[in-house]
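So the chains spell out like this:
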Amino acid sequence: MTTRRTMRAALAAGGLLATLCPALLRAQERAIVLRGGTVVPVDGAPIPNGTVVMRGGKIVAVGANVAIPGGAEVVDVRGKYILPGLVDAMTSLGVANSDLNEPTETIAPQLRVIEGYNPFGTFGSGKPGVLRNDEVLGGGVTTMYVAPADAALIGGQGAVVKTAGATLASVIVREPASMDMTLGEPPKQAARQRQRDPATRMAEVAMLRQAFIKAQEYERNHAANPALPRDLGMEALGKLLRRELPARIQATSAIDIRSALGLAREFNLALVLDGAASAQLFKDSLVARNVPVILGQVSHPFVSNEEIPDRSDYPPVDEGTATALIKAGVKTAIASFSRAFGTLAPAGSSKWLLVDAAIAAGYGLAEADVIRAVTLTPAEILGVSDRIGSLTAGKDADVIVLDGPPLSVKTWVQRVYVGGELVFQK
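Residues numbered from 1 in each chain as written. Predicted model: local features only at pLDDT ≥ 70, side-chain atom pairs only at ≥ 80, totals over all residues. Heavy atoms only, no water.

(A) Just the overall build of the chain, in detail. When helices and strands are counted, the chain shows 11 helices and 16 strands. Summarising the internal contacts of the chain: among those between residues at least 6 apart in sequence, 67% fall at separations of at least 24. When the accessible surface of the chain is totalled, it reaches about 18,700 Å², and 53% of it is carbon and sulfur. (Helix = DSSP H or I, 4+ residues; strand = E, 2+ residues; numbered from the N terminus. Contact = heavy atoms within 4.5 Å. Areas by Shrake-Rupley, 256 points an atom, 1.4 Å probe, with all protein chains shown as cover.)

Listed below in structure tokens is the structure:
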């Protein structure tokens, strides 16, 4: 009797699912069409009176003469501009100040920033969380790189995440994405407060070299004897040394950039320079060695407040650095370097990433290059350009709508789609 009731219930449920599933599938597959605006695909020329079609979380069509799918939700954006979502290539947003660099460890490659990343409050509670406000989505940022900050020589492993999503798993794009390191004043200042090494730049470089050499020895010993105890830090550095993870080294002054290049050469690291306010002094070497650069916002080039006027190895503020690097052929992105919310946060903000990058246009950088520096180029540097960074069929439907020209200070973000979902509207 119980078995028959169970079977009848199962059949009834199956019938209900058969009735509901087509409707659910139709809702999930319903196309969203942005029509009539100027489309800026980034990987191609702007398209006046263009159309972008999104469906199933992906971009399915971009162009001037695109057929509108039946049953689509059509949004009239005449007079507006359609761009890919911005990519902020260096932040610590979504991580509490108390969860940034481990205070007792100067070298901590085993740490993963994703363990402290919690931008949405309690997942599933319906609470919007810090990233759903104007601070990030209101600036059109749909993807960002989250780092464990810059108070340690090796702070740990960063992650690439979307700025909206229902669950932690749904926002992760790449994790781990890089190994975060810092040279110069920040690790020295942190060490001085806790009365430990490094106290000098000599010590910084020596400690990094020692860590890399230990990782090489660990790899050799484990290859010979797999039963040896595991070491998570050494395993993480092994990925770095095998170029499975790039080395994100924050270096502002000329001497620190020189040291970063030397370490990359000695240990064959896939180097990315962060901050790098002195990078144009090395532009030929950067091009020759294919080293990309992620600059701070044009109005805040010294991301760690490291500008020291009486030091010859620190250049004066130069708003033309992005122009010089890009014209020389250096792959260059502009990022906010925003920290976690609180008193430790510098002036840079993801909300103003595009507006601040626009300053570079006043120093000789072409408009297309400015937009690329906050979309496709950072996506390429982060290794996720197959999914984001341009309005290209097949990529994630991360799309923003602006109410005016992208580089105008009068322009505001009107709509933000992440994975085809409207997550911000002004």
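That shown, we press on.
(B) The arrangement of the sheet that holds strand E6 (residues 86-91) in detail. Pairing is mixed across the open sheet formed by eight strands, whose spatial order is E6-E7-E8-E9-E10-E11-E12-E13. Each edge of the open sheet carries a strand with a single partner, namely E6 and strand E13 (332-334). Between one strand and the next, the sheet's axes are offset by a mean angle of 25°, whatever the strand orientation. Helix-sheet contacts for helix H5 (residues 232-241) involve strand E8 (154-162), strand E9 (172-182) and strand E10 (247-251), and the interaxial angle to E9 is about 95°. Across the sheet, helix H6 (residues 254-267) touches E10 and strand E11 (271-275), and the angle it forms with E11 is around 165°. (Pairing = 2+ DSSP bridges. Axes fitted to C-alpha atoms, helices over the stretch in contact; angles between N-to-C directions.)

(C) Spotlight on the packing of aromatic side chains. What the rule picks out here adds up to two aromatic pairs. Seen from their ring centres, Trp352 and Trp412 are 6.0 Å apart, and the 70° between their planes marks the pair as edge-to-face. Taken together, the residues Trp352 in the loop between E13 and helix H9 (353-357) and Trp412 in the loop between strand E14 (399-402) and strand E15 (413-418) connect sequence positions 60 residues apart. Looking at Trp352, the relative accessible area reads 40%, which means it is partly exposed. Over the ring of Tyr145 we find Arg248; its NZ or CZ atom is 4.3 Å from the centre of that ring. Geometry around Trp412 places Lys426 over its ring, the cationic atom sitting 4.9 Å from the centre. (Phe/Tyr/Trp six-rings, centres within 6.5 Å; stacked < 30°, edge-to-face > 60°. Buried < 20%, exposed > 50% of the residue type's maximum accessible area, 1.4 Å probe, protein only. Lys NZ or Arg CZ within 6 Å of the ring centre and 35° of its normal.)

(D) Expanded view of the nonpolar core. By size, the foremost hydrophobic cluster in this structure holds 80 residues, and its most contacted members are Phe212, Leu237, Leu273, Leu286 and Val293. Sorting elements by how many residues they give to this core places H6 first, with seven residues. With residues up to four places along the chain from it excluded, the contact list for Leu286 reads Leu261, Leu273, Ala279, Val291, Val293, Leu325 and Val330. In this structure, Met90, Val173, Ala335 and Ile388 belong to the second largest nonpolar core, which totals 19 residues. (Core = buried A, V, L, I, M, F, W, Y, C linked by side-chain atoms within 4.5 Å.)

(E) Quick peek at the confidence of the model for the chain. Looking at the chain as a whole, its pLDDT mean stands at 88, while 85% of the residues score no less than 70. For the stretch residues 9-27, pLDDT sits under 50, and the model shows one contact to residues farther than four places along the chain or on other chains. In this model residues 123-128 is a low-confidence stretch, pLDDT under 50, and it forms seven contacts with partners more than four residues away in sequence or in other chains. (pLDDT = per-residue confidence, 0-100.)

(F) View of the environment of Phe267. Mapped onto the elements of the fold, Phe267 is located in helix H6. Separated by 55 residues in sequence, Phe267 and Phe212 have C-alpha atoms that sit 7.7 Å apart. Aside from chain neighbours lying at most four places away, what touches Phe267 is Arg209, Phe212, Ile213, Gln216 and Leu241.

(G) Spatial organisation of the pairing of strand E2 (residues 47-55). Sheet topology places strand E1 (residues 32-39) next to E2; six bridges connect them, and they run antiparallel. By the bridge assignment for E2, Arg35 is matched with Thr51. The pairing of E2 with strand E3 (residues 58-63) spans five bridges and is classified as antiparallel. The partner of Val53 across the bridge, within E3, is Ala61. Linking two consecutive strands that pair antiparallel, namely E2 and E3, is a turn of two residues; a positive phi of about 60° is found at Gly56 within it.

(H) Up close: the pattern of salt bridges. Taken as a whole, this structure holds 17 salt bridges when the rule is applied. Ionic pairing is found between Lys162 and Asp398, a salt bridge with its closest N-O pair at 3.0 Å. Here Asp398 lies in the loop between helix H11 (376-382) and E14 and Lys162 lies in strand E8, a separation of 236 residues in the sequence. No difference in accessibility class separates Lys162 from Asp398, as the two residues are buried. Residues Arg248 and Asp274 are paired through a salt bridge, measuring 3.0 Å at the closest nitrogen-oxygen approach. Of the two residues, Arg248 sits in strand E10 while Asp274 sits in strand E11, which places them 26 residues apart along the sequence. (Salt bridge = Lys/Arg side-chain N within 4 Å of Asp/Glu carboxyl O.)

(I) Quick peek at the environment of Asn290. Residue position: Asn290 is located in the loop between helix H7 (283-288) and strand E12 (293-295). C-alpha of Asn290 to C-alpha of Leu271: the two residues are 19 residues apart in sequence and 8.7 Å apart in space.

(J) How the structure looks around the packing of helix H4 (residues 201-224) against H5. For the pair H4 and H5, the least separation of the axes is 9 Å and the interaxial angle reads 95°. Taken together, H4 and H5 sit at an angle that is classed as roughly perpendicular. Only Met234, Glu235, Leu237, Gly238, Leu240 and Leu241 of H5 make contact with H4, whose side of the interface consists of Ala211, Phe212, Lys214, Ala215, Gln216, Tyr218 and Glu219. In the contact of H4 with H5, the residues fall into eight nonpolar, two polar and three charged. (Parallel < 35°, antiparallel > 145°, perpendicular 65-115°, else oblique. Nonpolar A, V, L, I, M, F, W, Y, C, P; charged D, E, K, R; others polar.)

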